[in-house]
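Examination of the molecular architecture
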Amino acid sequence: MSQQTSATFDAPHFVSLVLNSKKALQHGEQLCSKAHDLAFETSQAAIELMALDAKARWTSQGILEQLKLAGGIGSSIEAQRSRLEDQAKQWDNARSFHSGNLDTILEALGAQPVPASFYESPTSSSVFGSQFPDPDGEDKQPGRSTEDRSRWKTLRDFVDERAIEDASETVDNERVALDDILSTTEDFASVLTERVTSLKESLPPCPLLPSLSQIFDDQERLSTSMAGHLESLSSHYEQMSMVLQDKESGVEFSEEDLLDINRDMDELPSIIGDLEDDLIKIRRNFDVIAGAKSESRGRLSDLRITLGKLDELSEIMQDMLDQQQGVEHEYETHLASLQSHLTSLEHLYMTYTNYQHSYNNLLVELDRRRRYRDSTRELLANMLKELDIRRQDEIHARQLFVDNHRAQLPDDLCPCIDDVPLRYTIDVIDGDTQEELPDIDEDLLEDAVKRIDLAKAGSESL
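The structure displayed is predicted, hence computed values, not measured ones.

Our focus in this paragraph is the overall build of the chain. Assigned secondary structure in the chain consists of eight helices and two strands. Reading the chain from its N end, one meets helices and strands in the order α-α-β-β-α-α-α-α-α-α. Of all 462 residues assigned to the chain, the portion counted as buried reaches 31%. Partitioning the contacts of the chain with sequence separation of at least 6, the portion at a separation of at least 24 is 93%. Summing over all exposed atoms, the chain offers an accessible surface of approximately 28,400 Å²; the carbon and sulfur share of this is 51%.

Spelled out as structure tokens, the structure:
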């Protein structure tokens, strides 16, 4: 460098330049140190974020599985209720069938008249096996009754309908009690569904995590950039130190050299600015991950609250299951009791069917007895007429003997020779102990025979 250039150009204060360069380097080192720390914290935050997110996802998945199980329990309870309701419907159908049969036979009994002579006997009130005297003391021929049938009773009048009504009322009350038993768990399924839906809706949404690979790539790029800037600051500081040493050694610098030095010094703020911008970007990446981590931590906290509610739901479900089991046992026990009433209905139907059948056979039996009595009476009457003719012949023969021979015989010899033949009589024919039978109109008898034939045909077809 020439002496003239050094004398005419103001040289920079080299010591100040070195100090400024050193400060810039130290500032750059601080920024890079902060960036390094932030990069490390970002890595740690990313690891914690992934751990929190994984735990939150695992917890959320576990809650969803438990809620699915709870929904299944609700469906199971509803299915059990449906099964019990189907059993009740089957019982209702069976009751309707047996009640219909009972109503049918009762209507049939109500349509079948019973002659007044069957129940107005002064000696007996029983329909079966009774013998009734003729109210007028005269024998009447079948099919010639002049009684007013509208005043007759029917077979149904001899049925204890009050007992049937009381039994029916008892069954109705027990059937209502069956519904009351089942109603205790009526809202279980809906309550579980409502709670499950509420818990599902309360689950915090699964957030979309920031792209960690993109952030780490950006971090690496920024770190590389800052390292380059720091290297530039370090080189500048070394250069300024060498310039100071040259200056102290008496080296003179040209104007161009000084301009280069000043231009390099002017670039320091720009380099520092770039470092600060890179640091801001690194901090921004850290803030993104830190925010996501905070959000995941909050989500996990909300999930813990949901877990607590899920524990409460588990206790509720267990209580519901216990109650449902108790209801099923009570329900089936009560239903078994109701089944016995169906047996009673069927027994009543068979009883009244047999009652009608026996009554029809009673009419036929009474007609048989009447025919037997009449034929026997006719036979005995004919026999008595013949006996009476033979007695008259005997009287004539004896009288002829007396007329021809009695005068020649001593009076005390065989006094019985004057006796007349005995008159043979039978009390039944005289009417003193005559078997009395009630009158049966011909149409009633014909109807009874038809019913017997129908019942016989029905039994043979089974």
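The next thing to look at is the environment of Val18. Assignment of secondary structure puts Val18 in helix α2 (residues 14–110). Between the C-alpha atom of Val18 and that of Val243, which follows or precedes it by 225 residues, the distance is 8.6 Å. Sequence-distant contacts of Val18, defined by excluding residues within four places in its chain, comprise Tyr237, Met240, Ser241 and Leu244.

Turning next to the pattern of salt bridges. Scanning the model with the defined rule gives 22 salt bridges in all. Between Glu328 and Arg83 there is a salt bridge, and its shortest N-O distance comes to 3.8 Å. Of the two residues, Glu328 sits in helix α6 (residues 255–405) while Arg83 sits in helix α2, which places them 245 residues apart along the sequence. Of the residues examined, Glu328 reaches a relative accessible area of 15% and is grouped as buried. A relative accessible area of 29% places Arg83 in the partly exposed class. For Asp447, the salt bridge is made with Arg451, and the minimal N-O distance between the two is 2.9 Å. One end of the pair is Asp447 and the other is Arg451, both in helix α8 (residues 442–461) and four residues apart, which spans about a single turn. Taking the relative accessible area as the measure of exposure, Asp447 reaches 30% and is therefore partly exposed. Under the relative-accessibility criterion, Arg451 is labelled partly exposed at 25%.

What the rule picks out here adds up to two aromatic pairs. Above the face of the Tyr119 ring, Lys153 is positioned so that its terminal group lies 4.9 Å from the ring centre.

Before going further, it helps to spend a moment on the nonpolar core. Counting 35 residues, the largest nonpolar core has Leu109, Phe118, Tyr331 and Tyr352 as its most contacted members. When contributions to this core are tallied by element, the ones reaching two or more residues are α2, α3 (161–183), α6 and α8. It is α6 that provides the largest number of residues to this core, a total of twelve residues. When residues of this core are assigned to domains, at least three map to each of domain 1 (11–113 + 152–362) and domain 2 (371–460). In this structure, Leu109 is in contact with Thr154, Leu155, Arg156, Val159, Tyr352, Tyr355 and Gln356, ignoring residues within four places of it in sequence. Core analysis: the next-biggest nonpolar cluster, separate from the first, contains 32 residues, Leu31, Leu212, Ile215 and Leu233 among them.

Looking now at the packing of helix α4 (residues 188–202) against α6. With their axes 11 Å apart at the nearest point, α4 and α6 run at an angle of 170 degrees to one another. Here α6 runs roughly antiparallel to α4, going by the angle between their axes. Across the interface between the two elements, Phe188, Val191, Leu192, Arg195, Val196, Leu199 and Ser202 from α4 touch Thr306, Lys309, Leu310, Leu313, Ile316, Met317, Met320 and Gln323 from α6. When the residues that make up the contact of α4 with α6 are grouped by side-chain class, the tally is ten nonpolar, three polar and two charged.

What follows is about α6. The end-to-end C-alpha distance of α6 is 215 Å, a good match for the 225 Å that 151 residues give at a rise of 1.5 Å each. The largest bend in α6 is about 25 degrees, located at Leu268, with the proline Pro269 one to four residues further on.

Phi is positive for Cys414, close to 55 degrees, though the residue is something other than glycine. With respect to the helices and strands, the residue Cys414 is situated in the loop between α6 and α7 (427–430). Taking relative accessible area as the criterion, Cys414 reaches 38% and is therefore assigned partly exposed.

Residues Leu387, Leu422 and Tyr424 make up a contiguous nonpolar surface patch of about 350 Å² in total accessible area. Residue position: Leu422 is located in the loop between α6 and α7.

What counts and what doesn't
- Residues numbered from 1 in each chain as written.
- Predicted model: local features only at pLDDT ≥ 70, side-chain atom pairs only at ≥ 80, totals over all residues.
- Heavy atoms only, no water.
- Helix = DSSP H or I, 4+ residues; strand = E, 2+ residues; numbered from the N terminus.
- Buried < 20%, exposed > 50% of the residue type's maximum accessible area, 1.4 Å probe, protein only.
- Contact = heavy atoms within 4.5 Å.
- Areas by Shrake-Rupley, 256 points an atom, 1.4 Å probe, with all protein chains shown as cover.
- Salt bridge = Lys/Arg side-chain N within 4 Å of Asp/Glu carboxyl O.
- Phe/Tyr/Trp six-rings, centres within 6.5 Å; stacked < 30°, edge-to-face > 60°.
- Lys NZ or Arg CZ within 6 Å of the ring centre and 35° of its normal.
- Core = buried A, V, L, I, M, F, W, Y, C linked by side-chain atoms within 4.5 Å.
- Domains from an automatic or database assignment.
- Axes fitted to C-alpha atoms, helices over the stretch in contact; angles between N-to-C directions.
- Parallel < 35°, antiparallel > 145°, perpendicular 65-115°, else oblique.
- Nonpolar A, V, L, I, M, F, W, Y, C, P; charged D, E, K, R; others polar.
- Expected span 1.5 Å × (residues − 1).
- Bend = angle between axes of the 7 residues up to and from the residue.
- Patch = residues over 30% accessible without salt bridge, like charges linked within 9 Å, V, L, I, M, F, W, Y side chains within 5 Å.

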